[in-house]
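Summary of the model geometry
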Amino acid sequence: MRIITLLYLLLNLLLITFAVSAQNAQPNVIVIVSDDQGYGDFSIHGNPIIKTPNLDKLANEGVRLTDFHVDPTCSPTRAALMTGRYSARVGAWLTFAGRNHMYKEEVTMADVFKHNGYRTAIFGKWHLGDNYPFRPTDRGFDKSFIHAGGVAGEIPDYWQNDYFDDTYFDNGKPTKVSGYSTDIWFEQAKNFINEQQSKPFFIYLATNTPHGPFNVPNEFAEPYRKLGVPETRARFYGMINTIDNNVGKLRRFLEKNKLADDTLIIYLTDNGTTAGADGPNNGQITGGYNADMRGRKTSPFEGGHRAASFWHWPNGGLTGGKQYHHLTAHLDLLPTFVDMFNMQLPKPINFDGSSIKTILTGEFPLEQQNRTLVVHNQARFGSSLGDGSLVKYRDYAVMHNHWRLVDKQLFDLSNDPSQKNNLAKQHPDLMNQLSAYYENWWQDISQNERLSPTVLDTQHQPEVFLTAQAWKGDKATYDQSHVIAGVPNRGIWHVQVKTPGRYKITFARWPREANLGFNEGYVRAMNNPGLDPNFTLYQYKPKTLNIKSVFFKLNDKTIAKANVSHDKQTEVSFEFDLSTGLHTLEGVMQTNSGQLISAYYLYIKPSN
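Before going into details, it helps to say that this report is about the structure given with it. Here the structure is a predicted model, which is why all the values come from computation and not from measurement.

Focus on the overall build of the protein chain
Assigned secondary structure in the protein chain consists of 13 helices and 27 strands. Over its C-alpha trace the protein chain gives a radius of gyration of 25 Å, about what one expects of a compact globule, namely 25 Å for 608 residues. Along the first, second and third principal axes, the C-alpha set of the protein chain runs to 100 × 65 × 50 Å. Per-residue burial for the protein chain yields a buried fraction of 60% across its 608 residues. Considering only contacts within the protein chain whose residues lie at least 6 apart along the sequence, 71% involve residues at least 24 apart. For the protein chain, the accessible surface area stands at approximately 23900 Å², while carbon and sulfur atoms represent 50% of it. Here the protein chain contributes 61 positive and 60 negative side-chain charges, whose respective centroids are spaced 3 Å apart.

Okay, here's the thing in structure tokens:
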């Protein structure tokens, strides 16, 4: 009898040990982020038109956060997500002009996972820098399979990528693919998972869909056209369905490979909707569906930054379709991972976000919440760009539980989800409290503002490729349509030289893969029915510039000049010694009429 009792106690001890070990085991983690899909662009959030069965299933089988927030635009959201810190604090408050670079000393989510024994990968959209030290492979990712810039068709992206059969960058190497972009990202993710053996994996899967251009296979848009949905929205919804289908396929793949139970999947959106609703960005919705929220992408009102947030992890207890209504944010993911998985940090981090482990597990009652967060939108594309510095009081919202201070207006979301009734006069004490919070927040996040230039370090990147999207200038030169149209803008590049020496500095009007001369034009062939002829990217008329010479300006001084000898000449090059430190570069194209335009492309490498 005593032996049986001892065996029973030993068995229980083994079971407890196994349970504790299983609880502390490292799960796989997949973070999926869609681009420009709003909170209202899901059937589970009440949208009467779009059907998102696989995303609904993920939410219904997991845990849903209903008051979850991100930044109102994409690069800032991704920077905050990666660091657990406010985007303005870490250097990324715009989507261009070099202000989409996280400061190089910041620790990223990938850094933390890699430090804790994970294999790390990104597939899809990065939008936080295309050169050293800002590339994914510089920020903790072992595998990087991405497009450049922020979306297909932007200037840094491979020339004329359009979501179909594009050229992407496999750890920096241009790689031609066949298929639609959403499918490519998910297939690459599954390939990466198949390669894993002994280590857990962390995957950041950031689709470029449903961001415009609204290019999508016709079979996805056609069902919505038949329902009378306007063309652009039909394409937008179709793009979301390509994500929905792939989420379903990914989950079935994980189940087949017996990985589903111990893989945490998180699905979130990166800002408010673009094509899912009509109306002014900061105003009330006039068409479409936006879950009764005011504002769209870029807005400090709720429709600009309230986001979807679905969590599913069977072995971690994140199941059952539970909903939690606490104020949470993208800043919280990394602190939550550190807490939930007992992770070690490569170096100390002062998080702005908080662990929401107890919220996700239902241990934190809503009535105990007393939290304040800030969002703001610094995006600007007009003549007031300047050097892209932070602008105080620009499109900001202070969120305190169910209260919102938005540009000196006060709203109570518990009674007014559409933010129609300004209650500032009725609650002066709360107005003062939240205004003071913003003042202190601003003083804190803006005190370390500085440039975050591309670094010339030949050990890490032998040749650097810069485009007009990274200019500091009065106007944004953003996508390839601006290049085609020959917009007469001026701008300079900032570079930090770490490896001094003689460099070959090459300027061009077109990227090398276009194989076009300075004075040749380009007209896109719109022969794919999946391309959206109504998107502004395809509306600019091509222009031949008739360039006769290019001036090289270093630190605002003209150093040299080269003539363009014939129309098909593709580039001009200069050789010059660059000393250690910060420099500005510009190639000034001069036309036959005397007009001065900055060269849109720069290639720089050590002279042979």
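Concerning helix 3 (residues 74–83)
Of all 10 residues in helix 3, 10 are buried; the element is thus mostly enclosed. If you follow the buried residues of helix 3, they end up packed against strand 1 (28–34), helix 4 (87–90), helix 5 (109–115), strand 7 (201–206), strand 8 (263–269) and helix 10 (333–340). Just downstream of helix 3 lies Gly84, where phi reads positive at about 75°.

What about empty space enclosed by the protein?
Picture a little ball the size of a water molecule; that probe, rolled over the atoms, points out where space is still empty. Under the counting rule described, the total for this entry stands at three cavities of 30 Å³ or more. A volume near 60 Å³ is recorded for the largest cavity. Where the lining of the largest cavity is concerned, the elements lending two or more residues are helix 4 and strand 14 (372–376). Tallying contributions element by element places strand 14 first for the lining of the largest cavity, with three residues. Residues that form the lining of the largest cavity fall into these classes: seven nonpolar, three polar and one charged. One number sums up the size of the second largest cavity: a volume of about 40 Å³.

Quick word on the pairing of strand 12 (residues 309–312)
With burial as the criterion, each face of strand 12 is covered, one bearing Ser309 and Trp311 and the other bearing Phe310 and His312. In this structure, strand 2 (residues 63–69) lies alongside strand 12, joined through two bridges in antiparallel fashion. Bridge pairing links Arg64 to Phe310 in strand 12. As defined by bridge partners, strand 8 adjoins strand 12 across four bridges and the pair is classed as antiparallel. Bridge pairing in strand 12 places Ile266 opposite Trp311.

Reading the values: rules and limits
Residues numbered from 1 in each chain as written. Predicted model: local features only at pLDDT ≥ 70, side-chain atom pairs only at ≥ 80, totals over all residues. Heavy atoms only, no water. Helix = DSSP H or I, 4+ residues; strand = E, 2+ residues; numbered from the N terminus. Rg over C-alpha atoms; globule rule 2.2 N^0.38 Å. Buried < 20%, exposed > 50% of the residue type's maximum accessible area, 1.4 Å probe, protein only. Contact = heavy atoms within 4.5 Å. Areas by Shrake-Rupley, 256 points an atom, 1.4 Å probe, with all protein chains shown as cover. Lys, Arg positive; Asp, Glu negative; His and termini not counted. Charge placed at Lys NZ, Arg CZ, Asp CG, Glu CD. 1 Å grid on protein atoms, 1.4 Å probe; cavity = no way out; pocket = protein on both sides within 12 Å on 5 of 7 lines; lining within 4 Å. Points joined across faces, edges and corners; volume = space filled by probe spheres on them. Nonpolar A, V, L, I, M, F, W, Y, C, P; charged D, E, K, R; others polar. Pairing = 2+ DSSP bridges.

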